[in-house]
Amino acid sequence: MSDKFEMVRCMREGRYCQEHRSAINKGFNESDSFLLNKEYSMSILTLKEAYYKTTELQETSCAQCAELFRCTITRSLESIYNDLRRMTEGFFGTKRYQSSYELVCSVLAEIKKEN
């Protein structure tokens, strides 16, 4: 899989975020693999780890990129939330994914509370 986040331009040439960006990209790739295998809880937890890795980017020059990473991760979690909501609610809903749905709800609430 290719990296979700690639360095395009940076006044620091990516020196401060190389390790973090690598870990975040790894998390995204792992999350996608878990989703393909319908391992929703693992996908959610992997994205949560990637989200908190972005908070370690403390350099002022990294602030915009870190925010972009967090927004992208949050959108991915919201997408999983919407998919799981459709699968667990309604007439044809199943309880099979209920625990994953509850997990994504709590992770999103935790992330939004910190913002």
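In short, a report on the structure. (Residues numbered from 1 in each chain as written. Predicted model: local features only at pLDDT ≥ 70, side-chain atom pairs only at ≥ 80, totals over all residues. Heavy atoms only, no water.)

Membership of the largest hydrophobic core comes to 21 residues, with the highest contact counts inside it found for I44, L47, I73, L77, I80, L84 and V104. Taken together, the elements giving at least two residues each to this core come down to α1 (18-36), α2 (40-54), α3 (63-88) and α4 (98-114). Of the residues forming this core, the biggest block, 6 residues, is contributed by α3. Once residues within four sequence positions are removed from consideration, L84 is found in contact with Y40, I44, Y97, S100, Y101 and V104. (Core = buried A, V, L, I, M, F, W, Y, C linked by side-chain atoms within 4.5 Å. Buried < 20%, exposed > 50% of the residue type's maximum accessible area, 1.4 Å probe, protein only. Helix = DSSP H or I, 4+ residues; strand = E, 2+ residues; numbered from the N terminus. Contact = heavy atoms within 4.5 Å.)

This brings us to the packing of α2 against α3. Between α2 and α3, whose axes approach to 9 Å, the crossing angle comes to 160°. Comparing the axis directions of α2 and α3 gives the class roughly antiparallel. Helix-helix and strand crossings are classified by hand; for α2 and α3 the assignment is left-handed. Across the interface between the two elements, Y40, S43, I44, L47, A50, Y51 and T54 from α2 touch A66, F69, R70, I73, T74, S76, L77, I80, L84 and M87 from α3. Residue composition of the contact of α2 with α3, grouped by class: 12 nonpolar, 4 polar and 1 charged. (Axes fitted to C-alpha atoms, helices over the stretch in contact; angles between N-to-C directions. Parallel < 35°, antiparallel > 145°, perpendicular 65-115°, else oblique. Left-handed = near helix turned anticlockwise from the far one by under 90°. Nonpolar A, V, L, I, M, F, W, Y, C, P; charged D, E, K, R; others polar.)

The backbone of K38 sits at a positive phi, close to 60°, despite the residue not being glycine. Locating K38 in the fold gives a position in the loop between α1 and α2.

This part is about the packing of aromatic side chains. According to the stated counting rule, one finds 3 aromatic pairs in the structure shown. Ring centres 5.1 Å apart and planes at 85° place the aromatic pair Y40 and Y97 in the edge-to-face group. In this pair, Y40 sits in helix α2 while Y97 sits in the loop between α3 and α4, placing the two residues 57 residues apart along the sequence. A relative accessible area of 9% means that Y40 is categorised as buried. Between Y51 and Y52, the aromatic rings sit 5.4 Å apart at their centres with planes inclined by 85°, giving edge-to-face as the arrangement. (Phe/Tyr/Trp six-rings, centres within 6.5 Å; stacked < 30°, edge-to-face > 60°.)

Where α1 contacts α2, the two axes come as close as 8 Å, and the packing angle between them is 165°. On the basis of their axis angle, the class for α1 and α2 is roughly antiparallel. Like other packed secondary-structure pairs, α1 and α2 cross with a definite hand, here left-handed. Residues E19, H20, A23, I24, G27, F28, E30, S31, F34 and L35 of α1 form the contact with α2, whose own contacting residues are Y40, M42, S43, T46, L47, A50, K53 and T54. Tallied by class, residues from the contact of α1 with α2 come to 9 nonpolar, 6 polar and 3 charged.

Structurally, T46 is set in helix α2. Excluding anything up to four places from it in sequence, T46 contacts G27, E30, S31 and F34.

Next up on the list: α2. Because the α-helix completes a turn every 3.6 residues, residues three or four places apart line up on one side. When the terminal C-alpha atoms of α2 are compared, their 21 Å separation across 15 residues agrees well with the 21 Å that a helix rising 1.5 Å per residue should span. The set of residues buried in α2 consists of Y40, S43, I44, T46, L47, A50, Y51, K53 and T54. Where α2 is buried, its residues touch α1, α3 and α4. (Expected span 1.5 Å × (residues − 1).)

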